[in-house]
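Each chain, written out:
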Amino acid sequence: MQMPTRMPRRATFLAFAMAAALGTLAPAGYAKVPQAATAAVVDIPYETFTLPNGLRVVVHTDRKAPIVAVNIWYHVGSKDEPRGRSGFAHLFEHLMFQSSENHGGEFFEPFKRIGVTDQNGTTNTDRTNYFQNVPTTALDTALWMESDRMGHFLGAVDQAALDEQRGVVQNEKRQGENQPYGQAWEKLNKALYPAGHPYHHSVIGSMNDLDAASLEDVKTWFRAWYGPNNAVLVLAGDIDVATAKAKVAKYFGHIPAGPSMSQPKVDVAQRAESTRETMRDKVPQPRVYRLWNVAEVANADLDRLQLLGQVLGGSKSSRLDKRLVHEEKLVDSISAGAYGKQLGSNFIIMAQVKKGVDPAKVEAVIDEELERLLAEGPTADELGRARTVFRAGFIRGIERIGGFGGKADALAECAVYTGDPGCFRESLAIIDATSAAELQAVGRTWLGKGDHTLVILEGERTPLAEEPAGTPAPWQLPAVDAALSTTPATVDRSQGVPMPDAFPDLVFPALERARLSNGTTVILARRAGLPVVQMDYQFAGGYSADADGAAGTSSFTMGMLDEGAGDLGALAFADRAESLGAQMGAGAGLDSASAWFSGLTENLDASLALYADMLRRPQFSAAEIERVRATWIANIGQEKARPQTAAMRVLPPLLYGEGHAYAMPFTGSGTEASIAALDRDDLVAFHQAWVRPEGATLVVVGDTTLKQVVPMLEKHFGDWRGTGTAPAAQAVPATVARPAKARVFLVDQPGAVQANIYAGQLVPSTTDAGAVRFDIANGVIGGDFTARLNMNLREDKHWSYGARSGASGALGQRPWLASAPVQIDKTAEAMAEMRREIAAFASGETPPTAAEVERIRAINTLSLPGAYETAASVASTIGGIVLYGRPDDYVVRRKAEIEAMTPAQVAEAAKTLDADTLTWVVVGDLSKIEAPVRALGFGDVTVIDGDGKAVADR
C-alpha cells in the first residue's frame, strides 16, 4: 500500500496526467512554434450502469493488451473521520489487504498466481482506492476477491489483524517523518485549516488515535463506508459493457447497500490574513512552503489555477525558475501548482533555498513575481505553451489503462467527485478556452491574500508533539436506503477463489531494424494508438567510464545536454520543447549513457531537430555549468540527509573496493569534490568520447514506421560523425572477491525514529548464464511483497513498512541488496531476523518450496502480457537487449526458462548468497542502535560518515 501523499493530490486527471508525464511549462521570451494543421483527437470513451444495490460501474474498452484494469474507489478518506478516530481510513486500507471471510491469508496471494501488474491501494483526504491489472482470463478472480472484501469482510477481522496492521501503519508514519522535511505537512495541515475542519489532521492520523482504535470501532467504520452504494468500480481494457454487466452482477449484485453517508459540504476555508511559521529540522538546506486555500474539485477556477501555476513555476523556464534559479541563483529548485481536493484545494509554491541564502530573499522574489503576474497577466506565448503542455501531458497519461493515473483512475476520479466519469473533457475545454484575462482574474481572486508560509531551517529537529487520543465522537449511522435492493447470490463462495485455466499469450512487438548513414542502428517497435513517438539513443560510457577521481562526470555531462544546445540557451531550449509538446533529456547508468525523447507525431520533425541539437551541439555554457554544479552539489547534500540514498552512496565502494570502476555512489551523482573539480573541457571530452553515433543504437517505439521515421532521422542525424578517436571498447570491470567475514558499518542520523538496514553482497553479472535462476531465488527471499523478508518483518513482526531485496543490472558483478527500514528499537532484532532468513535460505536449511517457486514463476511469466502496456516498458526491454547482447526473442526465451525451472535449480541458485560474508550498512541514531548492533557479533563494526570514511575516536 502506498504511503499517503504528503502533498495533496491534484484535482483533475488532466492535471494529474500532466504532472506525472511532463510537469513542465514555460514563460515568455521565445517565438511561437508553428503547429501541425491537424492535431489528433484523444479521449477516453466509456459506458456506465448501476446495480440495484447502488454500485456504479464505468466500462472503457481498449484492446491493445489482453488485460483488464480493475479499479474501485470508495468515497471515504481522512476527511470523514470523526474526532478521536484519525487515521481510520488509511488503517482500513491496510486491513482490507488481509483475509476476507471466504479467503484466508493475504489478499495479494491469489493475484500473484495470475500475473497481476500495477496492484496497490491508496488513501487520501477524500477517497480510498484499490486497483490491479489482471490478464483478461483472470477477471473473475479479481472481481471475486474485490467483492469478497466488500461484502464478506467483517467476519475475518479480528484483534490480531488489527494489531498487525496498526503496527505496519505506525511504521509507515515513522518512515515518512524520518525523512528530511518529513514533518512539514503535519504543520501545514494544522495551520491551513482550523480545528474541526475535515482537513485539519493528516491522512495517516495520530499514533495515539491509532493505538486507541478498538475492534468494534473498526467494524463500525467498515459498516458505515464500504457498501456498494458508496463505491465506483471501473473496468478498463480488454472488456466490453455486456461482459461487465454480467460479471459485476454475478459477483457484486448480492451485496446489500450500506447506509447513505453524507459528504461534508464544500469548505474551502479561504483565509483572510497571511500567516507564517518557522521550524527547524535535520535538513541540509532551508525550504520555503507558501500555500493558499483555493477552489475545490470541479470548480473551473481550479483548472485555471493549474494553468496559472504552470506559468508561474511549473517548468525549468517558468517565471520563478527563470528569476530564482537562472538569474539570481537563490534556489536549487522551485515549483508552483494547484493540487485539488474535494472540499477545497491548495495552491502551493515550494522553494529549495541554496545553502547560505537568506530565505527572506527568496520570499521577496516570490512576492514580486506573483504580484507582477497578477497585475499584468500571462503573455500569449506563455498561455499557448501552457495549453500545449497540458494537452501533451493528457495524451501521454492515457497510454496506461490502469495503475496510478491511468485511464481507469481518470474515470473513477471524475465519477466519485463529480458524478460524471467524463469530467476530464470539461477540464480540457476549460484549459483550451481560458484567456489571459481570466487567468489573471482567477489569480487575483484566490492568491491575493490569505497565504501561509512555512520556513524549514537547518538545526536540531524538535519532535512534533503527539496529540492525546481524542474522545471519540459517538457513531451516528443513518439507515440504509430502502430503495436500494440486491439480487440473490449467484456464486457459491465455499468453492474458493475462481482461478483461470488459461492465460493470454505473450506478444512482444516485432523489432524492425535500419542503419543510419552515421553508423547508428535503429530498432523500431511499432505501437499504434497514441500520436506519440518515443526514442532512446543509447551509447557506451556510464558511471564505469568516469575517469579516476572523477565520479559523476558521465551523469553531469549527460545532464547538461539540454541546458542549452545549438543556437538556443537553456531557457530558450526549454521554451522550444514545450511549445512542441516534446520532452527530452539525457542521463547515465552504470554501464551506459542515453538520451531520451518523446514527441507528438504532429510535431515530430521539428521536435527531432531540437533533439538532434541537444545531442550534436550542446553548448556547455560556463555560466550554466556553474549554475548546475551548485545545485548538483546541494543535491548530494540531500542524498546524504536521506537514509536510503545515504546508504546507496556508501555501500558500493564498500562492496567493490577502492579503485574499482563500480566503487562510487550508485546515485551517479559523484562527490562534492569530484563535481567541484569538473571544468568545461572535461564535459566536452566526455561528450566527444562517448556521445557519438557510430556503434550506437537508437530505440524507437510508437506510432510510426521505418519508412516514415528513417528519412527524418537521416535528415537530422545522418551527417553526424563522432569527433576524434573513439575510445576502446569498455572492459567488463574486474571481479572482486568477497570479504572473509561479515562487516557492519554504521552511519549516524541523530534523532531518527527508524533505522534503515542494508545487507549487501556481490553476485554474478546480468550476463551470467545463471542470472535468471538467481533472480527467481531472490524473488523467494525478498523480491516481492509476499517474499520471506517482507512477510517476516512487516506482516509477522510489523516492525517495518516493507523489506525487500534485489540485484541491479550490471555488465560486471551485480550488487545484491536486502533492505528494511525498521522502528529504531527493533534494529538489532531485525538484523538478526534478516540474517537468519538469508542464512537458512542460502544454506538449504529452508530451501525454496514448490509453492514459493510457483508463485515467483507466475509473477515473472503470467504478468508478461500486461507488462508491455506502455512504450516506456517496451523501450526499456529493448534497451536491455542492446546493452546485454541478448537475442531479439529474449523475452520469450526467458519466459520458457522460468517455466521450466525446478525448485532444485532455484535452491542451487540460492547458494550464491552467503550470510557469513555480508556487508551491512545501518543508518540510524547511534545512541539507540550502536550497542545492540555491536552485541549481535556479526563482525567488525565501524562507524562511518556520509562519505564512507571511518569516524575516529569511537
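Since we're looking at a predicted model, the values are computed, not measured.

**A closer look at the overall build of the protein chain**
Next up, step 1: The secondary structure content of the protein chain amounts to 33 helices and 23 strands.
Next up, step 2: Taken over the C-alpha trace, the protein chain has a radius of gyration of 27 Å; the compact-globule value for 954 residues is 30 Å, and the two agree within 12%.
Next up, step 3: Dimensions of the protein chain, computed from the C-alpha atoms along their principal axes, are close to 80 × 70 × 60 Å.
Next up, step 4: Looking at the protein chain as a whole, 61% of its 954 residues qualify as buried.
Next up, step 5: Carbon and sulfur atoms provide 52% of the accessible area of the protein chain, an area that totals close to 33,200 Å².
Next up, step 6: Side chains of the protein chain give 93 positive and 114 negative charges; the mean places of these two sets differ by 1 Å.

**A short note on the sheet that holds strand β4 (residues 117-123)**
Hydrogen bonding along the main chain pairs the strands of a sheet, whether they run parallel or antiparallel.
Next up, step 1: Taken together, the six strands give an open sheet; going across it, the order is β1-β2-β6-β3-β5-β4, and neighbouring strands pair in mixed fashion. On the outer flanks of this sheet lie β1 (47-50) and β4, each paired with one strand and no other. Strand-to-strand twist across the sheet, computed as the mean angle between neighbouring axes with direction ignored, equals 15 degrees.
Next up, step 2: Bridge count between β1 and strand β2 (residues 56-61): four bridges; the pairing is antiparallel. Of the residues in β2, the one forming a bridge with Glu47 is Val59.
Next up, step 3: Contacting β3 (67-74), β5 (128-135) and β6 (231-237), helix α4 (residues 139-151) crosses the sheet at an angle of about 10 degrees to β3.
Next up, step 4: Running at roughly 25 degrees to β1, helix α9 (residues 241-252) makes contact with β1, β2 and β6 of the sheet.

**Describing helix α28 (residues 850-861)**
Next up, step 1: Between its first and last C-alpha, α28 extends 16 Å over twelve residues, near the 16 Å set by a 1.5 Å rise per residue.
Next up, step 2: Taken together, the buried positions of α28 are occupied by Glu852, Val853, Arg855, Ile856, Arg857, Ala858 and Thr861.

**Some points on unusual backbone geometry**
Next up, step 1: The residue Ala298 is not glycine, and still its phi comes out positive at about 75 degrees.
Next up, step 2: Turning to its location among the elements, Ala298 is positioned in the loop between β8 (287-294) and α10 (300-313).
Next up, step 3: On the basis of relative accessible area, Ala298 is assigned to the exposed category, the value being 56%.
Next up, step 4: Positive phi is not limited to glycine here, since His798 has a value of about 45 degrees.
Next up, step 5: Tracing the chain through its elements places His798 in the loop between α26 (788-796) and β20 (804-807).
Next up, step 6: Using a relative accessible area of 26% as the deciding quantity, one classes His798 as partly exposed.

**Let's talk about the packing of aromatic side chains**
Next up, step 1: Applying the stated criterion across every chain, the model contains 32 aromatic pairs.
Next up, step 2: Ring centres of Tyr74 and Tyr226 lie 5.1 Å apart, and the angle between their planes is 55 degrees; this geometry places the pair in the tilted category. One end of the pair, Tyr74, is in strand β3; the other, Tyr226, is in the loop between α8 (215-225) and β6, and 152 residues separate them in sequence.
Next up, step 3: Each ring, one from Tyr537 and one from Trp720, has its centre 5.8 Å from the other, and the planes form 85 degrees; the classification is edge-to-face. One end of the pair, Tyr537, is in strand β14 (residues 532-540); the other, Trp720, is in the loop between α24 (706-717) and β18 (743-748), and 183 residues separate them in sequence.
Next up, step 4: Through a chain of ring-to-ring contacts, three or more aromatic side chains come together here, namely Tyr74, Phe92, Phe97, Phe107, Phe108, Phe111, Tyr130, Phe153, Phe222, Tyr226 and Phe785.
Next up, step 5: The ring of Tyr181 has Arg287 sitting right over it, with the charged end atom 3.7 Å from the ring centre.
Next up, step 6: In this structure, Arg493 packs its charged tip against the face of Trp144, placed 5.2 Å from the ring centre.

**Regarding the confidence of the model for the protein chain**
Next up, step 1: Averaged over all residues, the pLDDT of the protein chain equals 92, while 95% of them reach at least 70.
Next up, step 2: When the criterion is pLDDT under 50, residues 1-37 qualifies, and its contacts beyond four places in sequence or with other chains add up to 162 contacts.

**Some words on the sheet that holds strand β19 (residues 754-763)**
Next up, step 1: Here six strands make up an open sheet; going across it, the order is β20-β21-β19-β22-β18-β23 and the pairing mixed. Of all strands in the sheet, those with a lone pairing partner are β20 and β23 (940-944), marking the two edges. If you compare each strand with its neighbour and ignore which way they point, the axes differ by 20 degrees on average.
Next up, step 2: Of the pairings in the sheet, the one linking β18 to β23 comprises five bridges and is parallel in character. Looking at β23, one finds that Val747 is bridged to Ile944.

**Description of the state of the cysteines**
Next up, step 1: As enumerated under the stated definition, the model contains one disulfide in all.
Next up, step 2: Shown here is the disulfide that connects Cys414 with Cys423, its sulfur atoms set 2.0 Å apart. In this structure the cystine formed by Cys414 and Cys423 twists about its S-S bond by roughly -75 degrees; its chirality is therefore left-handed.
Next up, step 3: For Cys414, a relative accessible area of 2% puts it in the buried group.

So, how was this worked out
Each chain has its residues counted from 1, following the order in which its sequence is written. Under the rules for a predicted model, residues below a pLDDT of 70 receive no local features and side-chain atom pairs below 80 are neither given nor counted, while totals for whole chains, interfaces and linings still include all residues. The side-chain numbers reported here are obtained from all heavy atoms of the structure, hydrogens and water having been left aside. Labels follow the DSSP assignment, with helices taken as runs of H or I lasting at least four residues and strands as runs of E lasting at least two, numbered in each case from the N terminus. With C-alpha atoms as the basis for the radius of gyration, the globule rule is written as 2.2 Å multiplied by the number of residues raised to the power 0.38. Note on classification: 1.4 Å probe, protein chains only; a residue is buried when its accessible area is under 20% of the maximum for its type, exposed when over 50%, partly exposed between these limits. Note on areas: Shrake-Rupley with a 1.4 Å probe; residue coverage comes only from the protein chains shown. Charge assignment in this entry is limited to Lys and Arg as positive and Asp and Glu as negative, and neither His nor the chain termini are counted. A single reference atom marks each charge: NZ on Lys, CZ on Arg, CG on Asp, CD on Glu. Here, strands pair whenever DSSP counts at least two bridges between them. Fitted lines through C-alpha atoms serve as axes, helices being fitted only where they are in contact, and the angles separating the N-to-C directions of these axes extend from 0 to 180 degrees. Should any heavy atoms of two residues lie within 4.5 Å, those residues are counted as being in contact. Take the number of residues in a helix, subtract one, and multiply by 1.5 Å to get its expected span. Think of it this way: a Phe, Tyr or Trp ring, Trp meaning its six-membered ring, pairs with another when their centres are within 6.5 Å, and the plane angle makes it stacked under 30 degrees, edge-to-face over 60, tilted otherwise. Geometrically, a lysine NZ or arginine CZ counts as sitting over a ring once it is within 6 Å of the ring centre and also within 35 degrees of the ring normal. The predictor attaches a confidence to each residue, and that confidence, scored 0 to 100, is pLDDT. In plain terms, two cysteine sulfur atoms within 2.5 Å form what is called a disulfide here.

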